[in-house]
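Residue-level structural notes
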Amino acid sequence: MTTPTITSLAPLLERLFDEAEAANGAIHAAIADLSDAERARMMRSKTAYRDLYGRLKDVPLAVSRETGLLLYMLARSSRAKAIVEFGTSFGISTLHLAAGLRDNGGGRLITSEFEPSKAARARDNLSAAGLIDLVDIREGDALKTLSTDLPDTVDLVLLDGAKALYPEILDLVEGHLRPGAIIVADNADDSPDYLARVRAPGSGYMSTPFAEDVELSVRIS
Ligand SMILES: C[S@@+](CC[C@H](N)C(=O)[O-])C[C@H]1O[C@@H](n2cnc3c(N)ncnc32)[C@H](O)[C@@H]1O
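Residues numbered from 1 in each chain as written. Predicted model: local features only at pLDDT ≥ 70, side-chain atom pairs only at ≥ 80, totals over all residues.

1. Remarks on the overall build of the protein
Of regular secondary structure, the protein possesses 11 helices and seven strands. The C-alpha radius of gyration of the protein comes to 16 Å, within 12% of the 17 Å expected for a compact globule of 221 residues. The dimensions of the protein, computed from C-alpha atoms along their principal axes, are 50 × 45 × 30 Å. When the 221 residues of the protein are sorted by exposure, 42% land in the buried category. (Helix = DSSP H or I, 4+ residues; strand = E, 2+ residues; numbered from the N terminus. Rg over C-alpha atoms; globule rule 2.2 N^0.38 Å. Buried ≥ 20, exposed ≤ 12 C-beta atoms within 10 Å, placed from the backbone.)

In structure tokens, the structure reads:
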């Protein structure tokens, strides 16, 4: 049996997760001048996200180790060939998804990031992992970059950019989702409109909170 790509990537991922944890203090420093109410407003704003994430441009803000592993496992179990990701950052989640594609025999991962320095770091990390050939890193606002040239059929979506935009990004990918397609939405509690939509009876999705602040949804019609 060959070694799964995710296993070969363990030293790189370990280093990146350690660096992400070490950078947690920088998150607080970057938003220290904001009141709790202002932070909450920016998290849920459909316009202030550029300012918020600009402050956080040097911080990985990565998914947890557990969510990373979940992404790899979902990519494998769904035999994903086409994946869309909203919010690349340094590419930690992207590495897990691309490793899943590699072990599925190949495919295409479209990911989106508006901070050029973050897109560059993600490119470096994916190159170091030998996975860059599977990944199309689209630089710019995902509202634009994910509005064209998506695969006809998408198997798996990760929502992990500005939380307030989850419904708009779902609008962009929805017509491409195959029956059974999976959507993982990280920190979905900060996107109440999104949660209301995917949990609504008759929405075409089945959806449940899963692990820490992750919403797992499946397209059923
Ligand atoms: C939570 S981080 C993503 C972490 C990444 N998924 C990981 O686990 O490694 C969110 C990222 O989305 C980016 N972002 C937020 N809103 C965006 C938008 N509208 N278009 C493109 N990128 C966006 C931010 O710059 C930030 O790097």
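2. Section: the confidence of the model for the protein
Per-residue confidence for the protein gives a mean pLDDT of 96; residues scoring 70 or more make up 100%. Per-element confidence in the protein ranges from a low mean pLDDT of 90 for helix α4 (residues 36-43) to a high of 99 for strand β1 (residues 82-86). (pLDDT = per-residue confidence, 0-100.)

3. Considerations on the site of the ligand
Within the structure, the ligand sits among 23 residues, and G87, S89, I92, S93 and G161 are positioned closest to it. At the level of secondary structure, the elements contributing two or more residues to the shell around the ligand comprise α5 (49-55), α7 (92-103), β2 (108-113) and α9 (142-145). Its residues assigned to classes, the shell around the ligand shows 13 nonpolar, five polar and five charged. (Near = placed C-beta within 6 Å. Nonpolar A, V, L, I, M, F, W, Y, C, P; charged D, E, K, R; others polar.)

4. Examining the sheet that holds β1
Sheet strands line up and pair through hydrogen bonds in the backbone, either parallel or antiparallel. If you trace the seven strands from one edge of the open sheet to the other, you get β3-β2-β1-β4-β5-β7-β6, paired in mixed fashion. Edge positions in the sheet fall to β3 (135-139) and β6 (205-210), since each has one partner strand and no second. For this sheet the average axis-to-axis angle between neighbouring strands, irrespective of direction, equals 15°. In the sheet, β2 pairs with β3 via five bridges, with the strands oriented parallel. For S112, the partnering residue across the bridge sits in β3 and is R138. (Pairing = 2+ DSSP bridges. Axes fitted to C-alpha atoms, helices over the stretch in contact; angles between N-to-C directions.)

5. What about the nonpolar core?
Within soluble globular proteins, side chains that are nonpolar generally end up buried alongside one another. Residues A75, I83, L95, A98 and I169 are the most contacted members of the largest nonpolar core, which totals 59 residues. Leave out the neighbours within four places in its chain, and A98 touches L109, L126, L131, L134 and V135. (Core = buried A, V, L, I, M, F, W, Y, C linked by C-beta atoms within 7 Å. Contact = placed C-beta atoms within 7 Å.)

6. Let's talk about the packing of α7 against helix α8 (residues 116-128)
When two helices pack together, their arrangement is captured by the angle between the axes and the distance separating the axes. Look at α7 against α8: their axes get within 10 Å of each other, and the N-to-C directions meet at 35°. Read as a crossing pair, α7 and α8 show a hand that is right-handed. Seen from α7, the contacting residues are T94, L95 and A98; seen from α8, they are A122, N125 and L126. For the contact of α7 with α8, the per-class residue count stands at four nonpolar, two polar and no charged. (Left-handed = near helix turned anticlockwise from the far one by under 90°.)

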